[in-house]
Amino acid sequence: MANADIGLIGLAVMGQNLVLNIADHGYNVAVYNRTTAKMTDFIERAQKEEPSRDRLIGCEKLEDFVKAIKRPRKIIILVQAGKPTDAVIDGLVPLLEKGDIIVDGGNALWTDTIRREKDLKAKGLYFIGSGVSGGEVGARFGPSMMPGGDPEAWQHLEPIWKAVSAKVDPESGKPYEDYQPGKPITEGEPCTAHIGANGAGHYVKMVHNGIEYIDMQLICEAYQLMKTLLGLDAGEMSEVFGSWNEGDLDSFLIEITTDILQQRDPADPSKFLVDAVLDTAGQKGTGKWTSTNALDMGIPANAIAEAVFARCLSALKEERVGASKVLQGPAPEYKDDKKELIDAIRDALYCSKICAYAQGFQLMREAQKEYDWKLDFGHIAKIWRGGCIIRARFLQKITDAYARDPKLVNLMLDPYFKDALHNAQANWRKVVAIAATNGVSAPAFMSALAYYDGYRSDRLPANLLQAQRDYFGAHTFERVDQPRGKFFHVDWPDKARPQVEA
Ligand SMILES: NC(=O)C1=CN([C@@H]2O[C@H](COP(=O)(O)OP(=O)(O)OC[C@H]3O[C@@H](n4cnc5c(N)ncnc54)[C@H](OP(=O)(O)O)[C@@H]3O)[C@@H](O)[C@H]2O)C=CC1
Ligand SMILES: O=C(CO)[C@H](O)[C@H](O)COP(=O)(O)O
């Protein structure tokens, strides 16, 4: 008999936790996993430990799973992005009926979501691409959820999404985190909203991840500067990050950094764990997609891309170790006031973070034109205030900025962020200069500053670049004293250098 309110396929970290979250909110959930043992282990564990155990329906066969769900069926897929997601959809489609709704909660490429939505619509099925952020704990007790797709299908999902997503105080934007199994948070503003048509939700989730990359990289650069120039150990830096978490930088990523840095090495408790972790970063692709798309659309998201390249550079461990024995640089030396440099690094981090978010929102602004979406940036900032990896006090400031001006061209132009940049930029420049003169690699701080200085320049050296292009390729140029759109070419090989209108 069909008595499940919703079904979920893919019982890895995210799937298991989201199922328990949904069940804690009073919904019956049918579950299925390709490898049956993972499903039975999950159900067995849940029966022993979980208050919502009676609401879980474990299914060994896909057919039984589909039959267990009330119509119109709502089925969440949480498997690896790409081919595995297509494989699951292909298996499901013959078993579904008109009006059923498939939801992809994975980190799908938004163009895949557009394709899948179109294909499934032709078959009479709905497809919602709903980015989910928050990792294991977020999925269990309240993630940020970014659904995109047909508004009719969204109506069926909305009550569940609003129930299970993270909740924040509507005024301060502070997440409510007093949850436990069986006692979910029910008050506050939910961190979910319909983002737009087809791939909009997955696009916004991808940009979230691009911002996640640069947020993390900026923290790592702050750590590296304090370590190299001030000789602080991990424990001392944990205290610094902990104090930053009391102010404007208050965020989940600074909070976990504070915790990570104070962690002793289980293999040798006289040392800190972080010093034993190999310095090669992994990545699954969402930061790269963000950067590739920025290049495709011609949007300068250089700081986000720099964070991806920083991971790529870190992965060249053996080459770097070899090069460190060959290539020389200055010996790092800082003799001035320690506290002053720590404060300057904090300011550099804050200013760079403003640029990073400015770039992320610029990207979404362009993408909505490209894909004919109508994105509400205030809403997006709001649903990132809780549950997701980039949650931070800062997101309330962005929410406020878009409330002041929903058509804001660039976050840096908002009065709050403009003042913040003006007040802290001397320290930001100081840190970038100190990093450069001491040979400490700080690519994200540097490229964010280059973005700021480039964006505020009424004249860039692209005049010379255009002349170069015209010189070698007759690519033409516009003139400052002529209307835009009127192009000229100089016949450079001719000694007389005649100018013609192109
Ligand atoms: N981990 C995280 O913190 C976050 C992950 N995500 C996204 O959520 C999704 C799930 O992530 P996560 O929980 O980490 O799990 P994984 O990305 O590791 O995916 C594992 C799941 O995919 C299933 N799977 C793999 N290939 C196939 C296939 N060909 N057919 C059917 N099922 C398949 C596995 O089944 P089996 O057990 O049979 O191998 C398993 O259930 C991913 O898209 C991920 O990018 C989003 C936010 C955060
Ligand atoms: O989506 C996420 C959080 O929002 C995941 O944590 C993401 O997969 C991490 O990305 P990467 O493995 O590339 O660092």
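Each value, and the rule that gives it
Residues numbered from 1 in each chain as written. Chains lettered and ligands numbered in written order. Predicted model: local features only at pLDDT ≥ 70, side-chain atom pairs only at ≥ 80, totals over all residues. Heavy atoms only, no water. Near = heavy atom within 4 Å. Polar contact = N/O pair within 3.5 Å; in protein donor to acceptor, adjacent residues only side chain to side chain. Areas by Shrake-Rupley, 256 points an atom, 1.4 Å probe, with all protein chains shown as cover. Helix = DSSP H or I, 4+ residues; strand = E, 2+ residues; numbered from the N terminus. Nonpolar A, V, L, I, M, F, W, Y, C, P; charged D, E, K, R; others polar. Phe/Tyr/Trp six-rings, centres within 6.5 Å; stacked < 30°, edge-to-face > 60°. Buried < 20%, exposed > 50% of the residue type's maximum accessible area, 1.4 Å probe, protein only. Lys NZ or Arg CZ within 6 Å of the ring centre and 35° of its normal. Domains from an automatic or database assignment. Salt bridge = Lys/Arg side-chain N within 4 Å of Asp/Glu carboxyl O. Pairing = 2+ DSSP bridges. Axes fitted to C-alpha atoms, helices over the stretch in contact; angles between N-to-C directions. Contact = heavy atoms within 4.5 Å. Lys, Arg positive; Asp, Glu negative; His and termini not counted.

**Overview of the site of ligand 2**
In the neighbourhood of ligand 2, the contacting residues comprise Asn-107, Ser-133, Lys-205, His-208, Asn-209, Glu-212, Tyr-213, Gln-283, Lys-284, Arg-311 and Ile-389. At 3.0 Å, a side-chain N or O of Glu-212 approaches an oxygen atom of ligand 2. Measuring from an oxygen atom of ligand 2, one finds a backbone N or O atom of Lys-284 at 2.8 Å. Notes on ligand 2: free accessible area 370 Å², of which the protein chains cover 77%. Here the element with the most residues in the shell around ligand 2 is helix H8 (residues 200-230); it accounts for five residues. Tallied by class, residues from the shell around ligand 2 come to two nonpolar, five polar and four charged.

**Observations concerning the packing of aromatic side chains**
As enumerated under the stated definition, the model contains 18 aromatic pairs in all. A ring pair is formed by Phe-241 and Trp-244, whose centres lie 5.1 Å apart and whose planes are at 75°; its orientation type is edge-to-face. Taken together, the residues Phe-241 and Trp-244, both in helix H9 (residues 234-244) and three residues apart, mark about one turn of the helix. Taking relative accessible area as the criterion, Phe-241 reaches 0% and is therefore assigned buried. Above the face of the Phe-394 ring, Lys-353 is positioned so that its terminal group lies 5.1 Å from the ring centre.

**A word on the domain arrangement of the protein**
Interface size is often expressed as the accessible area that is lost when the parts come together. For the protein, the domain assignment lists domain 1 (6-198), domain 2 (203-325 + 337-455) and domain 3 (462-501). Here the C-alpha centroids of domain 1 and domain 3 sit 57 Å apart.

**With respect to the site of ligand 1**
With respect to spatial proximity, 20 residues lie near ligand 1, and among them Met-14, Asn-33, Thr-35, Lys-38 and Val-79 are the closest. A distance of 3.1 Å is found between an oxygen atom of ligand 1 and a backbone nitrogen or oxygen belonging to Asn-107. When ligand 1 sits alone it has 890 Å² of accessible area, and the protein chains cover 79% of it. For the shell around ligand 1, the secondary structure elements donating two or more residues are helix H1 (13-24) and helix H4 (83-92).

**Here's the deal with the pattern of salt bridges**
All chains considered together, the criterion is met by 36 salt bridges. The shortest N-O distance in the salt bridge between Glu-97 and Arg-71 comes to 3.5 Å. Of the two residues, Glu-97 sits in the loop between H4 and strand E5 (101-104) while Arg-71 sits in the loop between helix H3 (62-67) and strand E4 (74-77), which places them 26 residues apart along the sequence.

**Observations concerning the sheet that holds strand E3 (residues 56-58)**
Spatial ordering of the open sheet is given by E3-E2-E1-E4-E5-E6-E7, a layout of seven strands whose pairing is mixed. The strands lining the two open edges of the sheet, one partner per strand, are E3 and strand E7 (144-148). Taking each pair of neighbouring strands and ignoring which way they run, the sheet shows an average axis angle of 25°. Where strand E6 (residues 126-133) and E7 come together, five bridges link them in antiparallel fashion. Across the sheet, the residue bridging to Ser-130 is Pro-147, located in E7. Along the sheet, H4 makes contact with strand E1 (6-9), E4, E5 and E6, crossing E4 at roughly 155°. Together, E5 and E6 form the strand contacts of helix H5 (residues 110-122), whose direction differs from that of E6 by roughly 150°.

**Overview of the side chain of Asp-150**
With respect to the secondary-structure elements, Asp-150 resides in the loop between E7 and helix H7 (151-164). Although buried, Asp-150 forms no salt bridge, and the nearest oppositely charged side chain, Lys-121, lies 4.0 Å from it. A polar contact of 2.9 Å, which involves the side chain of Asp-150, links it to the backbone nitrogen of Glu-152. Discounting chain neighbours no more than four positions away, the residues touching Asp-150 are Glu-117, Lys-121, Tyr-126, Ile-128 and His-194.

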